[in-house]
Structures are given as structure tokens and as C-alpha cells.
Amino acid sequence: MTATNCRSKHKRKILPMLDTLNRDGTETGNSDGGASDRKCAFYTLFQLQGLLKWYAARFKDPMIMDPPAWFKAFILCEALLQMPFFPVAAYAFYKGGCSWIRTPAIIYSTHVATTVIPILAHILFNDFSASTYPGPKTMSERLSLLAIYTPYLLIPVWILLTMLFSETYNPDKEKKRR
């Protein structure tokens, strides 16, 4: 993949130091032994870092740029516990009617809900004035950031209620009716 392909793929101008064009604008070709693929990967990494910085500045979320220790612990739990659950849950919900997903989904949803509640409280009540990165100062900024995190509470609560009260995923209700 050449830098031009990478540039057109991501629809952004690639950093000049990663460009593999000749001075006259023609491509140098792809005889670089895969170096342009690595350059494209680095470019994508730069884009993701830029997106992260934009998000943190736009929504005044200092926890993303300089996370407290407890937030890092939540991120670790997400990586080790929640991420492995996603493909399993996607399979079970896609297949439909898999009652075996009930217990893991209840564990997942209660875990996520109990980790999001302290994050929401931190957003609402913390004094961000001593933060390295700008945090929310006004109630409007706090509510805007709260709106970003609230779906991470609502969706797990919805999953929990579905697992507890749906006849599809609760085999005990069928046994009691018989």
C-alpha cells in the first residue's frame, strides 16, 4: 500500500515525513519492502491519538488523557473481563434463545453498571481545577460529558432487565408455569 493509497483510504493528508511521493508528485512505487504499510499503520495510530486528544478537549474529559488509578483499574477490568464477553454474547444474541448466556450476561451487566456509577459521580462532583487537562467547569459541560457515559449504564441495565424478566432467557419461569 502506498502513501497515496493510505491517504485516500483515510481521506486525510498524510504527514509529510511519511509521504512516499517524488518531488514531481509521482508515486515512488511499492518497492519499499512493506515500509509504506508500516507508515500507513503509524499514520492510523497518529489519527487515533489525534481523535483521542480532540475528544478529550471537546468534551473536557481529563480522565481519558490522564486517568486516575481507579479509572485505570476499570480499564483493566474492561480489557480482561468485558472484552472477552463481547464475541460470546454477540454469538448468543445472534443465534437467539440461548439460555446459557443468562448468567454471564447478568454478571457482565452488573459489573459494568457498578463501574459506570463511580465514573458518573466523578463527573458530577469532582473538582477538575487541579487537573492537568481541562475538565468540565460548568454544569452544562458536566451534563454533556455525562451524556457520553450514560449509555454505558443504560445498556447494561437494559441487558440485566432482559435477562431477569424475559421468558426467552429465564427457563425458571417456564418451569413454574407448568
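Before going into details, it helps to say that this report is about the structure given with it. Predicted model, so just to flag it, every value in this text is computed and none were measured. (Residues numbered from 1 in each chain as written. Predicted model: local features only at pLDDT ≥ 70, side-chain atom pairs only at ≥ 80, totals over all residues. Heavy atoms only, no water.)

Considerations on the packing of helix α5 (residues 102–125) against helix α7 (residues 151–165)
Here's step 1: Between α5 and α7, whose axes approach to 8 Å, the crossing angle comes to 150 degrees. Taken together, the axes of α5 and α7 lie roughly antiparallel to each other. The element α5 and its partner α7 pack so that their crossing is left-handed. Here Arg 102, Ala 105, Ile 106, Tyr 108, Ser 109, Thr 110, Val 112, Ala 113, Val 116, Ile 117 and Leu 120 of α5 come into contact with α7, specifically with Tyr 152, Leu 153, Pro 156, Ile 159, Leu 160, Met 163 and Leu 164.
Here's step 2: Residues of the contact of α5 with α7, tallied by class, amount to 15 nonpolar, two polar and one charged. (Axes fitted to C-alpha atoms, helices over the stretch in contact; angles between N-to-C directions. Helix = DSSP H or I, 4+ residues; strand = E, 2+ residues; numbered from the N terminus. Parallel < 35°, antiparallel > 145°, perpendicular 65-115°, else oblique. Left-handed = near helix turned anticlockwise from the far one by under 90°. Contact = heavy atoms within 4.5 Å. Nonpolar A, V, L, I, M, F, W, Y, C, P; charged D, E, K, R; others polar.)

A short note on the pattern of salt bridges
Here's step 1: Across all of its chains, the model carries one salt bridge by this definition.
Here's step 2: Between Lys 60 and Glu 141 there is a salt bridge whose closest N-O contact spans 3.1 Å. Here Glu 141 lies in helix α6 (residues 139–149) and Lys 60 lies in the loop between α2 (35–58) and α3 (62–65), a separation of 81 residues in the sequence.
Here's step 3: A relative accessible area of 24% means that Lys 60 is categorised as partly exposed. (Salt bridge = Lys/Arg side-chain N within 4 Å of Asp/Glu carboxyl O. Buried < 20%, exposed > 50% of the residue type's maximum accessible area, 1.4 Å probe, protein only.)

Some thoughts on α6
Here's step 1: Here α6 has its buried residues at Arg 142, Leu 145, Leu 146 and Tyr 149. An end-on view of α6 places all buried positions within 105 degrees of arc, on one side of the element. (Arc of directions from axis to C-beta.)

Section: the side chain of Arg 142
Here's step 1: In this structure, Arg 142 sits in helix α6.
Here's step 2: Buried charge without a partner: Arg 142 forms no salt bridge, and the closest opposite charge is Asp 127, 5.5 Å away.
Here's step 3: Apart from residues no more than four positions distant in its own chain, Arg 142 is found in contact with His 122, Ile 123, Leu 124, Phe 125, Asn 126, Phe 128, Pro 136 and Lys 137. (Lys, Arg positive; Asp, Glu negative; His and termini not counted.)

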